[in-house]
Each structure stands twice: as C-alpha cells, then as structure tokens.
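Chains, contacts and geometry: an overview
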Amino acid sequence: MPLKLSALSAGTTRMIAACLALAGLGGCAQENRRAADSAGGIAAEKPRIVSLNPCIDALLVDIAEPEQVIALSHYSRDPSSSSIPREIAAGYDFTGGTAEEVLSLSPDIVLASTFMPAAKRGALERLGLRIETFDSPSSVAESAAQIERIGALTGNTQPARQLALQITRAAPLQTPEPITALLWQPGQIVPGEATLVGEMMRRNGLVSHAQALGLEQADHVSLERLLAEPPELLLVAGSSTGQQHPLLQHLDDTRVEPIETRLLYCGGRTVLSLQERLDTIRGDIERSGEGP
C-alpha cells in the first residue's frame, strides 16, 4: 500500500522524501540509527526508546537505563500532568510527538498509546520505525503485565519483574473494615468500577458510593447531590467551585480528604504512591475514631 504523503505536514513530507531518496522505503530510520551510533562511538547494546505517552514515560524511567531513553513525551515536562518527580524528569529530553521529531530522533522503538493516529503510526512504520502501543491498565494485574512487557522490549527484565512484584503485593494483607467512599475527580466525575483506581479502592475496603448511586464511569456528580447523599469518605481530586465549597466541611458523617490527580491515571509506581495515600487516610480515620 503506497504511503500517502499528502496526508502529512510539509515538513514531514520533505523528510520522508529525503529518506526515500537516500535509502529506499524503510531505510531512513535504520540509516539515522547507524549515524547516531557512529557519533556515539559505540553500537547500542539495548534498544533506544522514544515514549509518546506520559504513563509509559513513568514506567520507562523506572525500568530502562537512562541512556536508552532518547525522549519522553512533552506531558512529563509539566509536573501537574506527570507522575514523574520533577527532579528526575529534568534529566530527560522531551518530544512534542510530531512525526518529524520522532523520525529525527531515530529510535529503535517508539512506545505510544493505542489512541495514536493511524496515519501517523503507518507513516512511521513504513519508514522503518517499530511502534508498540499500550492501553490504559484497568487493574493491577494489567499494569504488572505492561511493566513486564516494557521490560522485555527494552531488555531490562529484572527491574521490570521487581516493580511488577511490588505493585502486585501493594494491597493490604488483611481486608480492611469497609467504608463507603466516592472519588470526585476533576470535572466532578467518578472513575467507574472497571478502572485501576476503582480496583485500588476496593482492595482497600472502600465501597463504591458512586455505584450505590447508580453512577457509571465519567458520570457527573453535582454538589447538591453529594450534599443530599454523602458517603462516609469523600476523596476530592479536583478544584472546581463545587469541590472547594465550604459546605463540604460541615457534613456531619463524612470525612473529606484531598488526593492528587497524578495518583489516579497511571499504573506502575503510581500504584505504590496511591496505596501509601490510602494507607495514610485509613490511618487518620482510625486514629480519630471516625470509623464507619
């Protein structure tokens, strides 16, 4: 199937044309990698990686050797949208994710979301780049499987296995006493049951108040409804007017706790950070005698 240059930007088209003239279809990425290895003086023993997804960024930082990671996604440059500590992220380069940038970096493997546009993926693959895509994990088991897969792709199976084992063992050893809880995410929506954070809440004895209200993933919860039908524990991960309303602090039988949004959307080491936060909240409840 011919490559449709008209569907790409002018810059990408010029780069592709030059690559085709130089080495034939599929040869551009290989030629660039040879040049990069030559400039470095040695041949790379492990694959060189570009990540276009912030959750994959965080896994790479934990699993791969730093010199393997050519660039992380631009999302990880912003501490408000990244689960990578600022001081660690500062040690990496970033990419905006355009086809021109990715091709010029000459990676051996590009790690991306399954939502990567088909035209962009097809163009990069036809130019010799290997693209591996990942879904958002909806459970701890899926996150562990992703970690193991990235370990295999990058040639770092041992650290991947250790991290997968850590998050698999993160749940409490004993089933905690149940507490009805609602996670109020940015936009005043709930996460749904078939999500990683939903599973983490269940593993910690937090019974879904959203489910009891008949709510599904991404359903909106108004302040009025929450005040009329409050849970025992309200986890607030947003800053809308409703989520900051002073009436929330006057609910007689509801404990309100903030939770960072960076703990909600990615697997990997984020699972450990989320577990630590839930442990702290549970401990504060027990010490204050506010149990259900």
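Residues numbered from 1 in each chain as written. Predicted model: local features only at pLDDT ≥ 70, side-chain atom pairs only at ≥ 80, totals over all residues. Heavy atoms only, no water.

Here's the deal with the overall build of the protein chain
Secondary structure summary: the protein chain contains 12 helices and 9 strands in total. Excluding contacts between residues fewer than 6 apart, the proportion of contacts in the protein chain whose partners are at least 24 apart in sequence is 60%. When the accessible surface of the protein chain is split by element, carbon and sulfur atoms take 52% of a total near 14500 Å². (Helix = DSSP H or I, 4+ residues; strand = E, 2+ residues; numbered from the N terminus. Contact = heavy atoms within 4.5 Å. Areas by Shrake-Rupley, 256 points an atom, 1.4 Å probe, with all protein chains shown as cover.)

Concerning the state of the cysteines
This model, assessed by the stated rule, comprises 1 disulfide. The disulfide partner of Cys55 is Cys266, and the gap between their sulfur atoms is 1.9 Å. In this structure, the disulfide formed by Cys55 and Cys266 twists by about -70° around the S-S bond and is classed as left-handed. Of this pair, Cys55 sits in helix H3 (residues 54-63) while Cys266 sits in the loop between strand S9 (255-258) and helix H12 (269-288), placing them 211 residues apart in sequence. Classification of Cys266 as buried rests on a relative accessible area of 10%. (Disulfide = S-S within 2.5 Å. Buried < 20%, exposed > 50% of the residue type's maximum accessible area, 1.4 Å probe, protein only.)

With respect to the sheet that holds strand S5 (residues 130-134)
The pairing of strands in a sheet comes from backbone hydrogen bonds and takes either a parallel or an antiparallel form. If you trace the 5 strands from one edge of the open sheet to the other, you get S3-S2-S1-S4-S5, paired in parallel fashion. Looking along the sheet, the strands with just one partner apiece sit at the ends: strand S3 (94-95) and S5. Judged from the 2 bridges that link them, strand S1 (residues 49-51) and strand S2 (residues 69-73) form a sheet pairing that is parallel. Of the residues in S2, the one forming a bridge with Ile49 is Val69. Where H3 meets the sheet, its contacts fall on S1, S2, strand S4 (109-113) and S5, and the angle it forms with S2 comes to roughly 145°. (Pairing = 2+ DSSP bridges. Axes fitted to C-alpha atoms, helices over the stretch in contact; angles between N-to-C directions.)

Some details on the pairing of S9
Side chains Arg255 and Glu257 project from S9 onto a buried face, and the interleaved Val256 and Pro258 project onto a face without burial. In this sheet, S9 lies alongside strand S8 (residues 233-236) in parallel orientation, the contact comprising 4 bridges. Its bridge partner lying in S9, Val236 is registered against Pro258.

Quick notes on the pattern of salt bridges
Overall, the coordinates contain 12 salt bridges when judged by the stated rule. Note that Arg121 and Glu125 form a salt bridge whose closest N and O atoms lie 3.0 Å from each other. You can see Arg121 and its partner Glu125 sitting in helix H6 (residues 118-126), 4 residues apart, about one turn around the helix. The class for Arg121 is partly exposed, based on a relative accessible area of 28%. Linking Glu257 and Arg255 is a salt bridge whose minimum nitrogen-to-oxygen distance equals 2.8 Å. A residue is classified by how much of its surface remains accessible, and Glu257, at 8% relative accessible area, is buried. When salt bridges that share partners are traced, they join Arg130, Glu132 and Arg149 into one network. (Salt bridge = Lys/Arg side-chain N within 4 Å of Asp/Glu carboxyl O.)

A few points about the confidence of the model for the protein chain
Predicted confidence across the protein chain gives a mean pLDDT of 87, with 84% of residues reaching 70 or more. Low pLDDT (under 50) marks residues 20-27, which in the prediction has 9 contacts with non-local residues, meaning those over four places away or in another chain. Residue range residues 34-43 is modelled with pLDDT below 50. Its contacts to residues more than four positions away, or to other chains, number 5 contacts. (pLDDT = per-residue confidence, 0-100.)

Focus on the side chain of Asn204
Among the secondary structure elements, Asn204 is positioned in the loop between helix H9 (196-203) and strand S7 (206-208). What makes Asn204 buried here is its relative accessible area of 5%. A distance of 2.7 Å separates a polar side-chain atom of Asn204 from the backbone oxygen of Met200. Setting aside residues no more than four positions away along its own chain, Asn204 makes contact with Pro172, Pro176, Gln275, Leu278, Asp279 and Arg282. (Polar contact = N/O pair within 3.5 Å; in protein donor to acceptor, adjacent residues only side chain to side chain.)

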